[in-house]
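Now for the letters of each chain:
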Amino acid sequence: MATLWGGRFTKETDDAVFSFNESLSFDKRLYKADITGSIAHATMLGKQGIISDEDTKLIIDGLKSILTDIENGTLLFDTKSEDIHSFVEANLINRIGDAGKRLHTGRSRNDQVALDMKLYTRDEIDTLSSLVNDLLKVILRIMEENVDTYIPSFTHLQKAQPSNLAHYMGAYMEMFLRDRDRLSDIRKRMNLSPLGSGALAGTTYPLDREYVASLLSFDGATRNSMDSVSDRDYLIELLSACSTIMMHLSRFSEEMIIWNSNEYRFIEMDDAFSTGSSIMPQKKNPDIAELVRGKTGRVYGATMSIMTTMKGLPLAYNKDMQEDKEVAFDAFDTVNDCVKLFTGMLDTITFNKEVMAKSAMNGFTNATDAADYLVVKGVPFRDAHGIIGQLVLKCIDKNCSIEDLSLEELKSICDVFDEDVYDAISLKTCVSKRLTKGAPGAMLEAIEYYKSVIN
Ligand code: ARG
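What comes next is a walk through the structure. (Residues numbered from 1 in each chain as written. Predicted model: local features only at pLDDT ≥ 70, side-chain atom pairs only at ≥ 80, totals over all residues. Heavy atoms only, no water.)

## Structural notes on the side chain of S228
Position of S228 relative to the elements: it lies in helix α9 (residues 225–230). Of the polar contacts made by the side chain of S228, one reaches the side chain of S197; its length is 3.3 Å. At 2.6 Å, the side chain of S228 and the backbone oxygen of N224 are in polar contact. Residues within four places of S228 in sequence aside, it is in contact with A114, P194, S197 and T222. (Helix = DSSP H or I, 4+ residues; strand = E, 2+ residues; numbered from the N terminus. Polar contact = N/O pair within 3.5 Å; in protein donor to acceptor, adjacent residues only side chain to side chain. Contact = heavy atoms within 4.5 Å.)

## Considering the packing of aromatic side chains
All chains considered together, the criterion is met by twelve aromatic pairs. Look at F252 and F342: their rings are 4.9 Å apart centre to centre, the planes differ by 45°, and that puts the pair in the tilted class. Here F342 lies in helix α12 (residues 324–347) and F252 lies in helix α10 (residues 233–260), a separation of 90 residues in the sequence. Among the aromatic residues, ring-to-ring pairing joins F154, Y168, W259, Y264 and F266 into one connected group. A cation over a ring is seen here: K118 above Y234, with NZ or CZ 5.6 Å from the ring centre. (Phe/Tyr/Trp six-rings, centres within 6.5 Å; stacked < 30°, edge-to-face > 60°. Lys NZ or Arg CZ within 6 Å of the ring centre and 35° of its normal.)

## Thoughts on the pairing of strand β1 (residues 150–155)
Along β1, five of the six residues are buried, which leaves the element largely enclosed by surrounding structure. The sheet contact formed by β1 and strand β2 (residues 158–164) spans five bridges and is antiparallel. Counterpart to T155 in the pairing with β2 is Q158. Counting the residues that bridge the hairpin from β1 to β2 gives two residues, and of these H156 lies at a positive phi of roughly 55°. (Buried < 20%, exposed > 50% of the residue type's maximum accessible area, 1.4 Å probe, protein only. Pairing = 2+ DSSP bridges.)

## Focus: unusual backbone geometry
The omega torsion of the bond from L315 to A316 falls at 0°, within 30 degrees of zero and hence cis. Assignment of secondary structure puts A316 in the loop between α11 (287–310) and α12. We note that F364 has phi near 60°; this positive angle belongs to a residue other than glycine. Here F364 lies in the loop between α13 (353–361) and α14 (367–376). The partly exposed category is assigned to F364, whose relative accessible area is 22%.

## What about the packing of helix α7 (residues 165–190) against helix α19 (residues 443–453)?
Put simply, α7 and α19 touch, their axes get as near as 11 Å, and they point 30° apart. The orientation of α7 relative to α19 falls into the category roughly parallel. Both α7 and α19 take part in a crossing whose hand is left-handed. For the pair α7 and α19, the contacting residues are A166, H167, G170, M173, E174, L177 and R180 in the first and M443, Y450 and V453 in the second. Looking at the contact of α7 with α19 residue by residue, the classes come out as six nonpolar, two polar and two charged. (Axes fitted to C-alpha atoms, helices over the stretch in contact; angles between N-to-C directions. Parallel < 35°, antiparallel > 145°, perpendicular 65-115°, else oblique. Left-handed = near helix turned anticlockwise from the far one by under 90°. Nonpolar A, V, L, I, M, F, W, Y, C, P; charged D, E, K, R; others polar.)

## Observations concerning the environment of E408
Tracing the backbone through its elements, the reader meets E408 in helix α16 (residues 407–413). Residues E408 and D418, ten residues apart in the sequence, show an inter-C-alpha distance of 9.4 Å.

## Focus on the pattern of salt bridges
Counting across every chain of the model gives 26 salt bridges. Where D69 meets R95, a salt bridge forms, and the shortest distance between an N and an O atom there is 2.9 Å. Of the two residues, D69 sits in helix α4 (residues 53–71) while R95 sits in helix α5 (residues 84–96), which places them 26 residues apart along the sequence. Note that D185 and K188 form a salt bridge whose closest N and O atoms lie 4.0 Å from each other. Pair noted here: D185 and K188 are both in helix α7, with a separation of three residues, about one helical turn. What makes K188 exposed here is its relative accessible area of 59%. Three or more residues joined by partner-sharing salt bridges are found here, namely E82, D83, R109 and K319. (Salt bridge = Lys/Arg side-chain N within 4 Å of Asp/Glu carboxyl O.)

## Digging into the site of the ligand
In the neighbourhood of the ligand, the contacting residues comprise S23, D27, D83, H85, R109, N110, V113, Y317, Q322 and K325. Note that a nitrogen atom of the ligand is positioned 3.0 Å from one of the side-chain N or O atoms of S23. Contacts to the ligand include N110, whose side-chain N or O atom sits 2.9 Å from a nitrogen atom. Coverage of the ligand by the protein chains reaches 87% of its 340 Å² of free accessible surface. In terms of residue count, the dominant contributor to the shell around the ligand is helix α6 (residues 109–145) (three residues). Residues belonging to the shell around the ligand are distributed by class as follows: two nonpolar, four polar and four charged. (Near = heavy atom within 4 Å. Areas by Shrake-Rupley, 256 points an atom, 1.4 Å probe, with all protein chains shown as cover.)

## What about the nonpolar core?
I139, M169, L249 and W259 are the most contacted members of the largest nonpolar core, which totals 107 residues. In contact with L249, other than residues within four places in its own chain, are L135, F176, V292, C338, V339 and F342. In terms of nonpolar packing, the next biggest core, distinct from the first, is built from 21 residues, A371, Y373, V392 and L410 among them. (Core = buried A, V, L, I, M, F, W, Y, C linked by side-chain atoms within 4.5 Å.)

## Re α11
For α11, which comprises 24 residues, the first-to-last C-alpha distance of 35 Å matches the rise-based estimate of 34 Å (1.5 Å per residue) to within 8%. What α11 keeps buried is the set I288, A289, V292, T296, V299, A302, T303, I306 and M310. On its buried face, α11 sits against α9, α10 and α12. (Expected span 1.5 Å × (residues − 1).)

In structure tokens form, the structure reads like this:
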């Protein structure tokens, strides 16, 4: 066991206490953030004359060699250090001696861990944003290829009105664009450096907090040292944004599972993204979509876990906050994998255009348009609604669609009907005449906009 704080203790830590307390087993993934932060801190200490130029150089070179050795596998994480901060510092002291002992001047593990988590989280935001962007590109491609692919749309999972696949995909496009915006908002809000806040009350050393913040590409230094070491809002915000991404992916997955079912057959998932059954040879299951839907709960759980951990904490740092890491790391890995896998699955889906178009024609999806036809001819909408309702009843009786009725049959219910009704309620008209902003007929303009914001 190697700790940074043995001086005032007269006994060794109990083994069970050590294992309960240690975090190296999971915060080792902060090694790069920790070393990067320490290099910046040492550079600032040197610039301010708090440590000598010679020590500054020894520390920076030592830290760089630790980073190289971790990355090439020659330096392994031991089981003796309490956390990643202790591990790196102890290793540095082993390598360069006394100079290494000066690194922690004017710093506490409290502002150090706050910094490391922020640096790590900021990278995660960039990775996730780029994965969401890849997904947006696939959605855009499908939209461009399917402006004329007819599809029924649903409310209550009952057929509602005809649409096109571009419009359907456009709805998901909007959800993931909002997700991408949310990520960039969080990044902006969190981008202040806590380094130099010390344990909670700053330090008496003449630190240059703005300088060290700029070395680490922050927009500035945080304004209150107590808040800096006890703030995990940015994690909660990010996990909440991740939960929303998962919710969107889960809805999309559910939709694709339904469309892939034997009953719908709107799509065919690629063999590479499906799995089989151990007993039923005919099966091809949409496991990826189901797993994405299932893993959503795990990310929600992480959000709730950190919110609950934080809710009773007095200022400032409390060890409870160490519990932020495992759940956050797991949630980040999960959402990254889900976006990546879902994107691959979506990119390889085959759309059964004929099945979709046929389905769009059945189920009286043109009933609203038939009523609108009568309205244009002067019938009040409420009356038109009633007339088409009667027509639908007649069709159900005859097992046919509205357009299958002869003009005489139509006129027998309302004599306003004329020959032009057939064109007015055709699938093509129903979709392409819906030209209001955001409607299926306006997807070419929408696609132009999406092209301008997706790169
Ligand atoms: N492993 C700790 C964490 O993750 C580091 C901070 C320790 N600070 C302290 N005062 N014990 O939160």
